[in-house]
Amino acid sequence: MNTRQLFQTFAAPFLGILLFLAIWQVGAPKIVTSLGAVPGPVQVFEQFEGLLTEHQAARQKEVDFYQRQQERNTETLKEDPNAEVSIRPYTGKATFFDQILTSIVTVMTGFVLAGFIAIPLGIVAGLSQTVYSALNPLIQLFKPVSPLAWLPIVTMIVSAVYVTDNPAFDKSFITSALTVLLCCLWPTIINTTVGVANISKDLQNVSKVLRLSWWTHVRKIVLPSAIPMIFTGLRLSLGIAWMVLIAAEMLAQNPGLGKFVWDEFQNGSSNSLGRIMVAVIVIGLIGFALDRGMLFLQRHFSWDKSLALR
Amino acid sequence: MTTSNHPDHLLISQVSIDFPTPKGPFRALDKVNLRIEKGEFVSIIGHSGCGKSTVLNIVAGLYQATEGGVILDGREVNEPGPERAVVFQNHSLLPWLTAYENVELAVKQVFKGKKSRAEMKEWIEHNLTLVHMDHAMHKRPDEISGGMKQRVGIARALAMEPQVLLLDEPFGALDALTRAHLQDSMMEIQSTLGNTVIMITHDVDEAVLLSDRIVMMTNGPAATVGEILDVNLPRPRNRVEMAEMPEYIRCRHAVLQFLYERHGRKEASTPKAKVAAASADEESEPAKGNVVTMSKVTAKAA
Ligand SMILES: Nc1ncnc2c1ncn2[C@@H]1O[C@H](COP(=O)(O)OP(=O)(O)OP(=O)(O)O)[C@@H](O)[C@H]1O
Ligand SMILES: [Mg+2]
């Protein structure tokens, strides 16, 4: 690597970030809102530290709670071995970091489920003109619909259908995950279909001459050829899903980063703007990490390792 | 040429095909007839676009003839199958599999339940050795040269132990040296295995050197078999010795004469014809077809 490349790969991005932070730090205090001046990067970092301490405190509280409960129960049992002891779960307020985890779990659940539905459907639609013709109008109709428009319907249906005495998942979790699923479905189906339909004629002929069974044909010829397009669809989906999920959480007050942002906004303390900015940066970083993760998976699964992937 | 008690090993009978086009059906082949004996090596030669690949694809079962049909050992061909292995014009290896795995896919398909795992391995390696690819068995197609890919394609076809081997310009995209090398291996392999081979080629010398018979096709549309030439050269054939034999020169001359004097492309033969071709777009003649074939000819010449 020569100096120029060195500059481009390391120094330039660093300078870009530095410049951004400088403008932010200088510009932010000049804008005064009803919640005080817009925080600069330094204040935002302080808020991040605050959130971290809050989280640690909450964890400590939880540990203490269970310890006390246990002590109380052992004592009761000592006095009367037949006594009914109650084990209650800790119900503290979710911290910022709990919300991050919730959002990540939700988005991955919806995304993975969507993949399990969309990839097989896409493959079948790519292989069979009939299935494609049947599916295409539905895809074209639903693709442009914002998943947020689905949210009320999904919420109502989940409330109506998901009734158990002892729910394994929260309704809010299912609603969010289904919304994510709905928005991941279309890009993945469309890209998979295109990838499968465009398999080279020559390879299809090879398959015919060899009289490969349907399943071998899919495994040996269809999947490897369509992998790049499938991943394009998946990465597109995950990107959209992450954005949609945050919005859905804000809108439906479902646990997650979106709810955190909304709560802080409603809260309106002098810390709120800073905390929201922390959330914004974290949302960005997670979105970036998700995309890199998909890229990593794509590298792992595609046969052509030399392919320049970005 | 081996004579067998099955005179009609492969019979192409009255085959015509119409391709649907926006302007209505396009008759690419018209009443193609050909009788091929077991173990025979037949070349098909003709100008670009006349329908050679179409004939081969019909024999392979990849295209369905509109009229007529193909009969192999008394049974009509109506779908592709491994007993009619094809070496495609551009090798058509699966890019995500190594040379070995490409052959393995075919071998597993054909010999499932007939060969043990170890036997299959040996058979795959044997076929790759036959085309001198044993040193690069575990390389993927993007890691080997064009000639090597073509050889793997041939090994894959041979490994299927086909009754008929169909070769679509198998050496077309190769340099002269590699091509000569592969032609020699092809002759060697065919003399040991005795397969029936149908090979499409553009190369007159290749056709004469390798074939027992050369099928010359007329120009399309509605192309058909124009003439069939017997090549009475002794085997094994050596390209250097052949070049001076009167029979070789006769055959070569006969093919060239057919291709360029009797069925030469109109636009290339005489200046007068060129004028006719240039004014074609004003007439009913499909001008687009001419342009396409012209560019194909120049591409070949380059
Ligand atoms: N699937 C198809 N649909 C419509 N027309 C076709 C189709 N396949 C071939 N043709 C037409 O049939 C004619 C013969 O084509 P073919 O590919 O058999 O030529 P060829 O002799 O193999 O040419 P080349 O030497 O250039 O490979 C051409 O005019 C071509 O345009
Ligand atoms: Mg061809």
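Keep in mind that this is a model prediction, so the values were computed, not measured.

Observations regarding the overall build of chain B
Thought 1: Regarding its fold elements, chain B presents 11 helices and 10 strands.
Thought 2: For chain B, buried positions account for 50% of its 302 residues.
Thought 3: As displayed, chain B offers around 14,600 Å² of accessible surface, 54% of which is attributable to carbon and sulfur atoms.

Focus: the overall build of chain A
Thought 1: Secondary structure assignment for chain A yields 10 helices and 2 strands.
Thought 2: Listed by position from the N terminus, the elements making up chain A come as α-β-β-α-α-α-α-α-α-α-α-α.
Thought 3: The C-alpha atoms of chain A give a radius of gyration of 25 Å, which is well past the 19 Å a tight globule of 310 residues would have.
Thought 4: Overall, the C-alpha framework of chain A stretches about 80 × 70 × 40 Å when taken along its three principal axes.
Thought 5: Counting all 310 residues of chain A, 36% fall into the buried class.
Thought 6: Partitioning the contacts of chain A with sequence separation of at least 6, the portion at a separation of at least 24 is 70%.
Thought 7: Only carbon and sulfur atoms are counted for the fraction: they give 67% of the accessible area of chain A, which is about 18,200 Å².
Thought 8: Distance from the positive charge centre (23 side chains) to the negative charge centre (19 side chains) of chain A: 17 Å.

A look at helix α1 (residues 3–27) of chain A
Residue and element names in this part refer to chain A.
Thought 1: Relative to the 36 Å expected for 25 residues at 1.5 Å per residue, α1 spans 33 Å between its end C-alpha atoms, a close match to the ideal helical length.
Thought 2: The largest bend in α1 amounts to roughly 40° and is located at A11, with the proline P13 lying one to four residues further along.
Thought 3: The opening residue of α1, the one whose side-chain oxygen lies 3.2 Å from the backbone nitrogen of R4, is N2.

Some points on a negative patch on the surface
Thought 1: There is a patch of like negative charges on the surface, built from E71, E75, E79 and D80 of chain A.
Thought 2: On the basis of relative accessible area, E79 of chain A is assigned to the exposed category, the value being 68%.

Topic: the packing of aromatic side chains
Thought 1: Using the criterion set out here, one finds 15 aromatic pairs over all chains in the structure.
Thought 2: Taking 4.6 Å as the distance between ring centres and 55° as the angle between the ring planes, the aromatic pair formed by F96 of chain A and F260 of chain A counts as tilted. Of the two residues, F96 of chain A sits in helix α3 (residues 96–127) while F260 of chain A sits in helix α9 (residues 257–267), which places them 164 residues apart along the sequence.
Thought 3: Since its relative accessible area comes to 7%, F260 of chain A is described here as buried.
Thought 4: With centroids separated by 5.5 Å and ring planes inclined at 80°, the aromatic side chains of F19 of chain B and Y63 of chain B adopt a geometry described as edge-to-face.

Details of the sheet that holds strand β10 (residues 225–230) of chain B
The strands making up a sheet associate through backbone hydrogen bonding, with each pair oriented either parallel or antiparallel.
Residue and element names in this part refer to chain B.
Thought 1: One open sheet accounts for 6 strands, arranged β6-β7-β8-β3-β9-β10; its pairing is mixed. Two strands lie at the open edges of the sheet, namely β6 (84–87) and β10, each paired on one side alone. Geometrically, the sheet is characterised by an average inter-axis angle of 20° between neighbouring strands, direction not taken into account.
Thought 2: Where strand β7 (residues 164–168) lies against strand β8 (residues 196–201), 5 bridges are found, and the strand directions are parallel. Among the inter-strand pairings, L167 is bridged to a residue of β8, identified as M199.

Some details on the pattern of salt bridges
Residues and elements named next belong to chain B.
Thought 1: Enumeration over the complete set of coordinates arrives at 20 salt bridges over all chains.
Thought 2: Between E83 and R84 there is a salt bridge whose closest N-O contact spans 2.8 Å.
Thought 3: Residue classification places R84 among the buried positions, given a relative accessible area of 2%.
Thought 4: Between R252 and D205 there is a salt bridge; the shortest N-O distance is 2.7 Å. Of this pair, R252 sits in helix α8 (residues 246–262) while D205 sits in helix α6 (residues 204–210); the two residues are 47 residues apart in sequence, bridging distant segments of the chain.
Thought 5: On the basis of relative accessibility, which here comes to 31%, the residue R252 falls in the partly exposed class.
Thought 6: Linked through salt bridges whose partners overlap, the residues forming this network are D18, R27, D30 and E67.

Considerations on the interface of chain B and chain A
Thought 1: Contacts between the two partners involve 23 residues from chain B, matched on the other side by 16 residues from chain A.
Thought 2: With both chains or domains summed, chain B and chain A bury close to 1,800 Å², and 68% of this area falls on carbon and sulfur atoms.
Thought 3: Here chain B and chain A share 1 salt bridge between them.
Thought 4: Between R211 of chain A and E79 of chain B there is a salt bridge, with the nearest N and O atoms lying 3.6 Å from each other.
Thought 5: Our count for the chain B to chain A interface comes out at 5 residue pairs in polar contact (both at pLDDT 80 or more).
Thought 6: Listed by contribution, the elements that provide at least two residues to the side of chain B that touches chain A are β6 and α2 (99–111) of chain B.
Thought 7: Here the side of chain B that touches chain A is composed, by residue class, of 13 nonpolar, 4 polar and 6 charged.

What to know about the pairing of strand β2 (residues 24–36) of chain B
Residues and elements named next belong to chain B.
Thought 1: Pairing of strand β1 (residues 10–21) with β2, which is carried by 9 bridges, proceeds in the antiparallel orientation. The residue bridging L10 from the neighbouring strand is I36, located in β2.
Thought 2: Between β1 and the antiparallel strand that follows it, β2, lie 2 residues.

Some remarks on the site of ligand 1
Residues and elements named next belong to chain B.
Thought 1: In the neighbourhood of ligand 1, 15 residues make up the surrounding shell, with S48, G49, K52, S53 and T54 lying closest.
Thought 2: Between ligand 1 and C50, the relevant distance is 3.3 Å, taken from an oxygen atom to a main-chain nitrogen or oxygen of the residue.
Thought 3: Across the complex, the protein chains shield 69% of the 630 Å² of accessible surface that ligand 1 would expose by itself.
Thought 4: Listed by contribution, the elements that provide at least two residues to the shell around ligand 1 are β2 and α1 (52–60).
Thought 5: Looking at which element gives the most residues to the shell around ligand 1, the answer is α1, with 3 residues.

Quick word on the sheet that holds strand β4 (residues 67–72) of chain B
Residue and element names in this part refer to chain B.
Thought 1: Read across the sheet, 4 strands follow the order β2-β1-β4-β5 without closing on themselves; strand pairing throughout is antiparallel. Two strands lie at the open edges of the sheet, namely β2 and β5 (75–76), each paired on one side alone.
Thought 2: In terms of strand pairing, β4 meets β5 through 2 bridges, oriented antiparallel. Directly across from I71, in β5, lies its bridge partner E76.
Thought 3: Packed on one face of the sheet, α1 meets β1, β2 and β4 and runs near 115° to β1.

A closer look at the environment of R117 of chain B
Residue and element names in this part refer to chain B.
Thought 1: By secondary structure assignment, the location of R117 is in helix α3 (residues 117–130).
Thought 2: Judged by relative accessible area, which is 77%, R117 ranks as exposed.
Thought 3: Once the C-alpha coordinates of R117 and R75 are considered, the two residues, 42 residues apart in sequence, prove to be 31 Å apart.

What counts and what doesn't
Residues numbered from 1 in each chain as written. Chains lettered and ligands numbered in written order. Predicted model: local features only at pLDDT ≥ 70, side-chain atom pairs only at ≥ 80, totals over all residues. Heavy atoms only, no water. Helix = DSSP H or I, 4+ residues; strand = E, 2+ residues; numbered from the N terminus. Buried < 20%, exposed > 50% of the residue type's maximum accessible area, 1.4 Å probe, protein only. Areas by Shrake-Rupley, 256 points an atom, 1.4 Å probe, with all protein chains shown as cover. Rg over C-alpha atoms; globule rule 2.2 N^0.38 Å. Contact = heavy atoms within 4.5 Å. Lys, Arg positive; Asp, Glu negative; His and termini not counted. Charge placed at Lys NZ, Arg CZ, Asp CG, Glu CD. Expected span 1.5 Å × (residues − 1). Bend = angle between axes of the 7 residues up to and from the residue. Polar contact = N/O pair within 3.5 Å; in protein donor to acceptor, adjacent residues only side chain to side chain. Patch = residues over 30% accessible without salt bridge, like charges linked within 9 Å, V, L, I, M, F, W, Y side chains within 5 Å. Salt bridge = Lys/Arg side-chain N within 4 Å of Asp/Glu carboxyl O. Phe/Tyr/Trp six-rings, centres within 6.5 Å; stacked < 30°, edge-to-face > 60°. Pairing = 2+ DSSP bridges. Axes fitted to C-alpha atoms, helices over the stretch in contact; angles between N-to-C directions. Buried area = accessible area lost by both parts, 1.4 Å probe. Nonpolar A, V, L, I, M, F, W, Y, C, P; charged D, E, K, R; others polar. Near = heavy atom within 4 Å.

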